[in-house]
Amino acid sequence: MTVVGVLLLLTGLVFAASGVSINSAIDSVSDRFGDSSAGDDDEDEGDGDDGDSDDGEVEEADDGGDEDDSDEESAADDTDADESDDEDEADDEDEADDEADDEDEADDEQDEEHTLTTTVENDDGDEVEDATVEVEGGPGVNAETTTDDDGEAAFSIEDGEYTVTASASGYEAAEDSVDIDGDDEEITLELEAEDDDDESDDAGLHTLTTVVEDDDGNSLDNATVEVADDDFFGAFSGEDQEVDDDGEAEFERENGEYIVTADADGYEEAEDSVDIDGDDEEITLELEAE
């Protein structure tokens, strides 16, 4: 206010010197003072506005910083989550690969084939060539082949239980079981010769050889031999033959019991019985001189 008073005084003096009235000078100074006050008010308002602007900018800056920090943290969280998901997916893929490998190994083991070697021998221990060997069982296997010169037949088969059968002409069939479990296996089948009774039944006849000698053991070439069934009807169904130069006579007969009679001039008649049972037979009759 002191400054304003001084200014008014100086202004009055200037106007007095220039012939202007004091009132005009005062009005002029008042107008300037009013303008100056208005200017100060405007500056204050401007300062207030600046303050508000600054506050707004600071707050906005702070808010933006917070948002940036939040966004960075969210991005970090998302990155960690993505990495965790990737790791989980990788673990799942590894487990799936391991399971697939295990399944492949199991399939390989299951599909792996092994060699079954079958040796076929007779009851004397000799190898039987061209015998038929059949293998059945396991995963739907039904294979057949013949033995080689060593009496062996080989099969490539998977793990499982199998039935092996061998057969050959003149022998009874033989059968055995074998379990293939991860290794090659060998099996021997022994064939027994067919029963002679069966062969005789099929043929129906056997050879009965009759030899006629004198009491010194010499063959008689003039003897007659008769073979008849050893039953009531034998006397009516007998067959006779002349011996050959060796004193022998042969007859074809089925299994059964027979009466054999031999006679010759100058010798007493001789008789004996014979039982034919699946084999050829030979009988010797000795004639004593009369």
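This is a predicted model, so every value here is computed, not measured.

(A) Main features of the overall build of the protein. Looking only at helices and strands, the protein has four helices and 14 strands in total. In the protein, 50% of the contacts between residues at least 6 apart in sequence involve partners at least 24 apart. As displayed, the protein has an accessible area near 19100 Å², and 38% of this comes from carbon and sulfur atoms.

(B) Highlighting the pattern of salt bridges. Tallied over the full model, the rule gives one salt bridge. Across the pair Glu239 and Arg253 runs a salt bridge, and its minimum N-O distance is 2.7 Å. A residue pair is termed long-range when its members are at least 10 positions apart, and Glu239 in strand E10 (residues 239-242) and Arg253 in strand E11 (residues 248-253) qualify at 14 residues. Residue classification places Glu239 among the partly exposed residues on the basis of a relative accessible area of 32%.

(C) Here's a closer look at unusual backbone geometry. In the Ramachandran plot, Asp130 falls in the positive-phi region, its phi being about 65 degrees despite a non-glycine side chain. As for its position among the elements, Asp130 is in the loop between strand E1 (113-122) and strand E2 (132-137). A relative accessible area of 54% means that Asp130 is categorised as exposed.

(D) Focus on the sheet that holds strand E9 (residues 224-229). The strand order E10-E9-E12-E13 describes an open sheet built from four strands, whose pairing is antiparallel. Lying at the two open borders of the sheet, with one neighbouring strand each, are E10 and strand E13 (270-276). Within the sheet, the average angular offset between the axes of one strand and its neighbour, ignoring direction, is 25 degrees. Two elements, strand E12 (residues 256-263) and E13, share seven bridges in a ladder whose sense is antiparallel. Within E13, the position partnered with Val260 by the bridge is Asp272.

(E) The arrangement of the side chain of Thr209 in detail. Structurally, Thr209 is set in strand E8 (residues 206-214). Filtering out sequence-adjacent residues up to four positions away, Thr209 remains in contact with Glu248, Ala249, Glu250, Glu281, Glu282 and Ile283.

(F) Region of the structure containing the confidence of the model for the protein. Scored by pLDDT, the protein has a mean of 75; 57% of the residues are at 70 or more. Low pLDDT, under 50, characterises residues 18-22; the predicted model gives this stretch two contacts beyond four residues in sequence or across chains. This model gives residues 198-202 a pLDDT under 50, and the stretch forms six contacts once residues within four places in sequence are excluded.

(G) Spatial organisation of the nonpolar core. Core analysis: the largest hydrophobic core is formed by 20 residues, its most contacted members being Leu208, Val212, Val225, Val260 and Leu287. If you list the elements that add at least two residues to this core, you get E8, E9, E11, E12, E13 and strand E14 (281-287). Each residue touching Val212, except ones within four places of it in the same chain, is listed here: Asn218, Ser219, Leu220, Ala223, Val225, Val243, Gly247, Ala262, Leu285 and Leu287. Counting residues in hydrophobic clusters, the runner-up holds 19 residues, among them Tyr162, Val164, Ala168 and Val178.

(H) Molecular detail of the sheet that holds strand E7 (residues 185-191). Ordered by their spatial adjacency, three strands build an open sheet running E4-E1-E7, and the pairing between neighbours is mixed. Strands at the two margins of the open sheet, each flanked by one partner only, are strand E4 (152-158) and E7. Between one strand and the next, the sheet's axes are offset by a mean angle of 25 degrees, whatever the strand orientation. The pairing of E1 with E7 spans seven bridges and is parallel. Note that in E7 the partner of Thr118 across the bridge is Ile187.

(I) Region of the structure containing the side chain of Thr147. Locating Thr147 in the fold gives a position in the loop between strand E3 (141-146) and E4. At a separation of 3.0 Å, a polar atom in the side chain of Thr147 contacts the main-chain amide nitrogen of Asp130. With residues near it in sequence (within four places) discarded, Thr147 still touches Val120, Val128, Glu129, Asp130, Ala131, Val133, Glu152 and Ala153.

(J) Spatial organisation of the environment of Ala249. Mapping Ala249 onto the fold places it in strand E11. The buried category is assigned to Ala249, whose relative accessible area is 3%. Each C-alpha atom of the pair Ala249 and Val212 lies 8.5 Å from the other, and the pair is 37 residues apart in sequence. If we skip the residues at most four places from it in the chain, Ala249 touches Leu208, Thr209, Thr210, Val225, Gln241, Glu242 and Val243.

About the cut-offs
Residues numbered from 1 in each chain as written. Predicted model: local features only at pLDDT ≥ 70, side-chain atom pairs only at ≥ 80, totals over all residues. Heavy atoms only, no water. Helix = DSSP H or I, 4+ residues; strand = E, 2+ residues; numbered from the N terminus. Contact = heavy atoms within 4.5 Å. Areas by Shrake-Rupley, 256 points an atom, 1.4 Å probe, with all protein chains shown as cover. Salt bridge = Lys/Arg side-chain N within 4 Å of Asp/Glu carboxyl O. Buried < 20%, exposed > 50% of the residue type's maximum accessible area, 1.4 Å probe, protein only. Pairing = 2+ DSSP bridges. Axes fitted to C-alpha atoms, helices over the stretch in contact; angles between N-to-C directions. pLDDT = per-residue confidence, 0-100. Core = buried A, V, L, I, M, F, W, Y, C linked by side-chain atoms within 4.5 Å. Polar contact = N/O pair within 3.5 Å; in protein donor to acceptor, adjacent residues only side chain to side chain.

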